[in-house]
Amino acid sequence: GFVNPGAAAPRVNHFALQAEPAASPSPSVALVMATEENKVAMSGVIGGIAGLLLGGVWVGAGLFAVGSYLAKKDDSDVSKALKAVSGGGIEALNFGAYLNDKYSVTGKIGGALDDALSSESNKEAKGYVDSFVKTLENADKEIGFLETFGKIATAGADLASQVVEKAVDI
């Protein structure tokens, strides 16, 4: 029916709602963090790879230097575009690492190779492969290939940017 202004309001049961606790965020498994410094380095690397594919070693070195130089100029639209592309490249690299971890791609490839080499006729080849893998693992523990490559790329981008900046000043 109709609402009677003089009648008491009907009693309504109240329920307290509580949200489920949020799951704690998992630790970052990013292969490369998307920092400004890494984006500048990646700009140089992308330029270098493009130049290497399009024109060879010298064009690759030139585009590495130019990409690093332009990415360091904070006030230009070209810098912003290069950093955006580099950020996408870093995200793609991290996504590839995530997929590799999720589906154990390299583990499955390694297992298939191990199965292929486990036959009696391939014992000697398996020994070579096992020793090669062990050597790489030991070298990675001592050197840290990924971290070292990142430092080299960052230092190279800084140096290339400085060289181009000096050339522009002259």
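Below: a short report on this structure. All values derive from a computational prediction rather than experimental measurement. (Residues numbered from 1 in each chain as written. Predicted model: local features only at pLDDT ≥ 70, side-chain atom pairs only at ≥ 80, totals over all residues. Heavy atoms only, no water.)

**Quick notes on the nonpolar core**
For step 1, the next point in the chain: Formed by V32, V40, A41, M42, V45, A71, I90, A153 and A157, the largest nonpolar core amounts to nine residues.
For step 2, the next point in the chain: Elements with a contribution of two residues or more to this core: α1 (36-55) and α6 (145-169).
For step 3, the next point in the chain: At four residues, α1 tops the list of elements feeding residues into this core.
For step 4, the next point in the chain: Once residues within four sequence positions are removed from consideration, A153 is found in contact with A41, V45 and F64. (Core = buried A, V, L, I, M, F, W, Y, C linked by side-chain atoms within 4.5 Å. Buried < 20%, exposed > 50% of the residue type's maximum accessible area, 1.4 Å probe, protein only. Helix = DSSP H or I, 4+ residues; strand = E, 2+ residues; numbered from the N terminus. Contact = heavy atoms within 4.5 Å.)

**Topic: the packing of aromatic side chains**
For step 1, the next point in the chain: Tallied over the full model, the rule gives one aromatic pair.
For step 2, the next point in the chain: Centre to centre, the rings of F95 and Y98 are 5.9 Å apart; their planes meet at 35°, and the pair counts as tilted. With F95 and Y98 both in helix α3 (residues 77-103) and three residues apart, the pair spans about one turn of that helix.
For step 3, the next point in the chain: For F95, a relative accessible area of 48% translates into the label partly exposed.
For step 4, the next point in the chain: The class of Y98 is partly exposed, set by a relative accessible area of 37%. (Phe/Tyr/Trp six-rings, centres within 6.5 Å; stacked < 30°, edge-to-face > 60°.)

**Digging into the packing of helix α2 (residues 57-72) against α3**
For step 1, the next point in the chain: Interaxial distance between α2 and α3 falls to 7 Å at its minimum, and their mutual angle equals 110°. The orientation of α2 with respect to α3, classified from their angle, is roughly perpendicular. As for the relative orientation of α2 and α3, their crossing is left-handed in sense. Residues G67, L70 and A71 of α2 form the contact with α3, whose own contacting residues are V78, S79, L82 and K83.
For step 2, the next point in the chain: Of the residues assigned to the contact of α2 with α3, the class counts are four nonpolar, two polar and one charged. (Axes fitted to C-alpha atoms, helices over the stretch in contact; angles between N-to-C directions. Parallel < 35°, antiparallel > 145°, perpendicular 65-115°, else oblique. Left-handed = near helix turned anticlockwise from the far one by under 90°. Nonpolar A, V, L, I, M, F, W, Y, C, P; charged D, E, K, R; others polar.)

**So, α2**
For step 1, the next point in the chain: End to end, α2 covers 23 Å across 16 residues, agreeing with the expected 22 Å (1.5 Å per residue, within 8%).
For step 2, the next point in the chain: Those residues of α2 not exposed but buried are G60, A65, G67, S68, Y69 and A71. (Expected span 1.5 Å × (residues − 1).)

**A word on the side chain of K39**
For step 1, the next point in the chain: By the secondary structure assignment, K39 is in helix α1.
For step 2, the next point in the chain: Excluding its chain neighbours within four sequence positions, the residues that come into contact with K39 are A34, K83, S86, G87 and I90.

**As for the pattern of salt bridges**
For step 1, the next point in the chain: The tally for this structure, following the rule as stated, stands at four salt bridges.
For step 2, the next point in the chain: The closest approach of N and O atoms between D158 and K72, which form a salt bridge, is 2.7 Å. Of this pair, D158 sits in helix α6 while K72 sits in helix α2, placing them 86 residues apart in sequence.
For step 3, the next point in the chain: Salt-bridge contacts for D74 lead to K83; the nearest nitrogen and oxygen are separated by 3.1 Å.
For step 4, the next point in the chain: Take D74: its relative accessible area is 58%, and that puts it in the exposed class.
For step 5, the next point in the chain: Taken together, the salt bridges that share partners define one network made up of E36, K39, D74 and K83. (Salt bridge = Lys/Arg side-chain N within 4 Å of Asp/Glu carboxyl O.)

**Some remarks on the environment of G67**
For step 1, the next point in the chain: The residue G67 is located in helix α2 in this model.
For step 2, the next point in the chain: Expressed as a C-alpha distance, the spacing of G67 and A157, which sit 90 residues apart in the sequence, is 8.4 Å.
For step 3, the next point in the chain: When residues no more than four places from it in sequence are discounted, the contact partners of G67 are S43, G44 and L82.

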